[in-house]
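Structural features, examined
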Amino acid sequence: MSKALEGVKILDMTHVQSGPTCTQLLAWFGADVIKVERPGVGDATRGQLQDIPEVDSLYFTMLNGNKRSLTLNTKTDDGKAIFTKLIQYCDVMVENFAPGALDRMGFTWERIQEINPRMIYASVKGFGPGPYEDCKVYENVAQCTGGAASTTGEIDSVPLVTGAQIGDSGTGLHLALGIVTALFHRTHSDKGQRVTCAMQDGVLNLCRVKLRDQQRLAHGPLTEYPQFPNGTFGDATPRAGNSSGGGQPGWIVKCKGWETDPDAYIYIITQAAAFDGLAKAIGHEYWLEDPEWNTPKARLPHLEKMFDEIEKWTMTKTKFEVMEILNPLNVPCGPILSMKELAEEPSLRDTGTIVEVDHPVRGKYLTVGNPIKLSDSPADVDRSPLLGEHTDEILKELGMSAADIETSKSAGAV
Ligand code: CAO
């Protein structure tokens, strides 16, 4: 079985999280990803949040698997010459530097096209063209500017950011789709193109249902939100606690052990089609006869009361017992799983979603493998490279002799 992106060469100028997520995905699918890092420094995340002194951090190792590392100072003359060869050699260049950084190195999109007209040049930036286009952006800034924070959190409380890295990893995913789309387009246009993805846009795309609700507000209260029927709505989509973003009411309820276990909770969705079974399971058959309860519309003003009653029942069972009872009844529900539980879950190991990797300096560590499974193209997960581990190997591939490589090293270019 061949790998889906075998033969595609990626010039990886990414750092921190958003760009590396994208190139790691492409590497898992078999692309040859050449990560360019500053000599002696490398991606800043190698040294951030280090759990073991002097060892590449988990932050770095979990975002840079399956890549090769080349050290190169693209601001030196020798470095620029080697960078030009790399642009000729590769199919795709990916970067997520601050706006204008590549231009300042002398590699504008126009220049890149001159060097290699088939090059696909992909970038993540914090914002698209507009008032903030020159700003530097990190994950939480994107969550705040993309609509996630204003719509996340308890009602009547502060905006919240989420632990899911929707600004960084989310935008990396969007960019990867843009790249494979451009690669497909190139098969018939024979030309490269520019792919850009702004983190604000990526987050907003993931908050699509909240823009839906913004427009629904003009036509009356959002009846599935906890503010209905007694609270008030302003003129913007409000925060809604743990209520479901879809048309089926949902909430997080306590389970047995919640007093001591911070994750003894389950999310339950009271989907209309499965409501009869749920009402019977919790001993509330009378809801099925009562006109105040027996239709989804009738239940809307009582959602808080409904979830209180469901919770009285779930508090007598563990989250896994609730799953066992409600799943056969087709009630959509899911336990709140801690990172510890996920790391130890055998089925996630079996599918390669959580993978143990061996690193020559760190030893074994866990990483999240490829969540996208292709039936005919394996996606093995390998360790991240050491800084500059593949410098000589890659420079030789570019046609440089051992003497040329030595000269570039003494000039501080690699
Ligand atoms: N050789 C020589 N110089 C190099 C180099 C190399 N191999 N690699 C990077 N550099 C230089 C860059 O050219 C830049 O120099 P200039 O400022 O002179 O142009 C410099 O290193 C630093 O780049 P930066 O400004 O991107 O880095 P930063 O740490 O100050 O900012 C970040 C980091 C993430 C805020 C910024 O890169 C950014 O806004 N990126 C776009 C949005 C993004 O992806 N954010 C997600 C980050 S993950 O949370």
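To start, this report covers the structure provided alongside it. Worth saying up front: this structure is predicted, and the values here are computed from it rather than measured.

**Details of the overall build of the protein**
- Helix and strand content of the protein: 17 helices and 11 strands.
- Each of the three principal axes of the protein carries a C-alpha extent, and together these read 85 × 45 × 40 Å.
- Every one of the 414 residues in the protein was classed for burial, and the buried ones make up 45%.
- Residue pairs at least 24 apart in sequence account for 65% of intrachain contacts in the protein once pairs closer than 6 positions are excluded.
- About 20400 Å² of surface is accessible on the protein, with carbon and sulfur atoms providing 55% of the total.
- Averaging the positions of the 40 positive and the 55 negative side-chain charges in the protein gives two centres separated by 3 Å.

**Some details on the sheet that holds strand β7 (residues 250-254)**
- Taken in spatial order, the 3 strands make up an open sheet running β7-β8-β9, and their pairing is antiparallel. Two strands lie at the open edges of the sheet, namely β7 and β9 (333-335), each paired on one side alone. This sheet shows a mean twist of 20 degrees between the axes of neighbouring strands, independent of strand direction.
- Pairing of strand β8 (residues 265-269) with β9 involves 3 bridges; the strand directions are antiparallel. Note on β9: the bridge partner recorded for tyrosine 267 is glycine 334.
- Packed onto the sheet, helix α12 (residues 303-314) meets β7 and β8 and runs at close to 40 degrees relative to β7.

**Topic: the site of the ligand**
- Lining the immediate surroundings of the ligand are 23 residues, of which Lys75, Ala98, Lys136, Val137 and Asp168 lie closest.
- At a separation of 3.0 Å, an oxygen atom of the ligand approaches a polar side-chain atom of histidine 15.

**A word on the packing of aromatic side chains**
- Using the criterion set out here, one finds 7 aromatic pairs in the structure.
- On the basis of an interplanar angle of 50 degrees and a centroid distance of 5.2 Å, the ring pair of phenylalanine 127 and tyrosine 132 is categorised as tilted.
- On the accessibility criterion, phenylalanine 127 (9% relative accessible area) is buried.
- Ring geometry for tyrosine 286 and tryptophan 287: centres 6.3 Å apart, planes at 65 degrees, overall edge-to-face.
- Relative accessible area serves as the criterion here: at 46%, tyrosine 286 is assigned to the partly exposed category.
- In textbook terms, an aromatic cluster arises when at least three aromatic residues are bridged by ring pairs, as seen for Phe275, Tyr286, Trp287 and Trp293.
- Directly above the aromatic system of tryptophan 258 lies the positively charged group of lysine 254, at a separation of 4.0 Å from the ring centroid.
- Sitting above the plane of the phenylalanine 275 ring, arginine 299 keeps its charged end 3.5 Å from the centroid.

**Points about the state of the cysteines**
- Enumeration over the complete set of coordinates arrives at 0 disulfides.
- Looking at the unpaired cysteine 90, the closest cysteine sulfur is the one in cysteine 22, lying at 14 Å.
- For cysteine 90, a relative accessible area of 2% translates into the label buried.
- Counting only cysteine sulfurs, cysteine 144 is the nearest neighbor of cysteine 135, a cysteine outside any disulfide, at a range of 14 Å.
- Judged by relative accessible area, cysteine 135 falls into the partly exposed class, the value being 30%.

**Thoughts on helix α7 (residues 169-189)**
- Helix length check: α7 (21 residues) gives 30 Å between terminal C-alpha atoms against 30 Å at 1.5 Å per residue, within 8%.
- Taken as a whole, α7 has its buried residues at Gly170, Thr171, Gly172, Leu175, Ala176, Gly178, Ile179, Ala182, Leu183 and Arg186.
- Looking at the buried positions of α7, the neighbouring elements they touch are α1 (18-28), β4 (92-95), β5 (120-125), β6 (194-198) and α8 (199-206).
- Aspartate 190, located one to two residues past α7, shows a positive phi value of around 60 degrees.

**With respect to unusual backbone geometry**
- Residues phenylalanine 228 and proline 229 are joined by a peptide bond in cis, for which omega reads 5 degrees.
- With respect to the secondary-structure elements, proline 229 resides in the loop between α9 (208-216) and β7.
- The phi angle at leucine 49 is positive, at roughly 55 degrees, despite the residue not being glycine.
- Tracing the backbone through its elements, the reader meets leucine 49 in the loop between β2 (32-37) and α2 (58-61).
- Residue classification places leucine 49 among the exposed residues on the basis of a relative accessible area of 70%.
- One non-glycine residue, aspartate 190, lies in positive phi territory at about 60 degrees.
- Here aspartate 190 lies in the loop between α7 and β6.

**Observations concerning the nonpolar core**
- Residues Ile10, Leu26, Val92, Val94, Leu175 and Ile179 are the most contacted members of the largest nonpolar core, which totals 35 residues.
- Elements supplying a minimum of two residues to this core: α1, β4, β5, α7, β6, α8 and β10 (354-359).

**As for α8**
- Within α8, burial applies to Met199, Gly202 and Val203. Along the axis of α8, the buried residues cluster in a sector spanning 95 degrees; they form a single face.

About the criteria used
- Residues numbered from 1 in each chain as written.
- Predicted model: local features only at pLDDT ≥ 70, side-chain atom pairs only at ≥ 80, totals over all residues.
- Heavy atoms only, no water.
- Helix = DSSP H or I, 4+ residues; strand = E, 2+ residues; numbered from the N terminus.
- Buried < 20%, exposed > 50% of the residue type's maximum accessible area, 1.4 Å probe, protein only.
- Contact = heavy atoms within 4.5 Å.
- Areas by Shrake-Rupley, 256 points an atom, 1.4 Å probe, with all protein chains shown as cover.
- Lys, Arg positive; Asp, Glu negative; His and termini not counted.
- Charge placed at Lys NZ, Arg CZ, Asp CG, Glu CD.
- Pairing = 2+ DSSP bridges.
- Axes fitted to C-alpha atoms, helices over the stretch in contact; angles between N-to-C directions.
- Near = heavy atom within 4 Å.
- Polar contact = N/O pair within 3.5 Å; in protein donor to acceptor, adjacent residues only side chain to side chain.
- Phe/Tyr/Trp six-rings, centres within 6.5 Å; stacked < 30°, edge-to-face > 60°.
- Lys NZ or Arg CZ within 6 Å of the ring centre and 35° of its normal.
- Disulfide = S-S within 2.5 Å.
- Expected span 1.5 Å × (residues − 1).
- Core = buried A, V, L, I, M, F, W, Y, C linked by side-chain atoms within 4.5 Å.
- Arc of directions from axis to C-beta.

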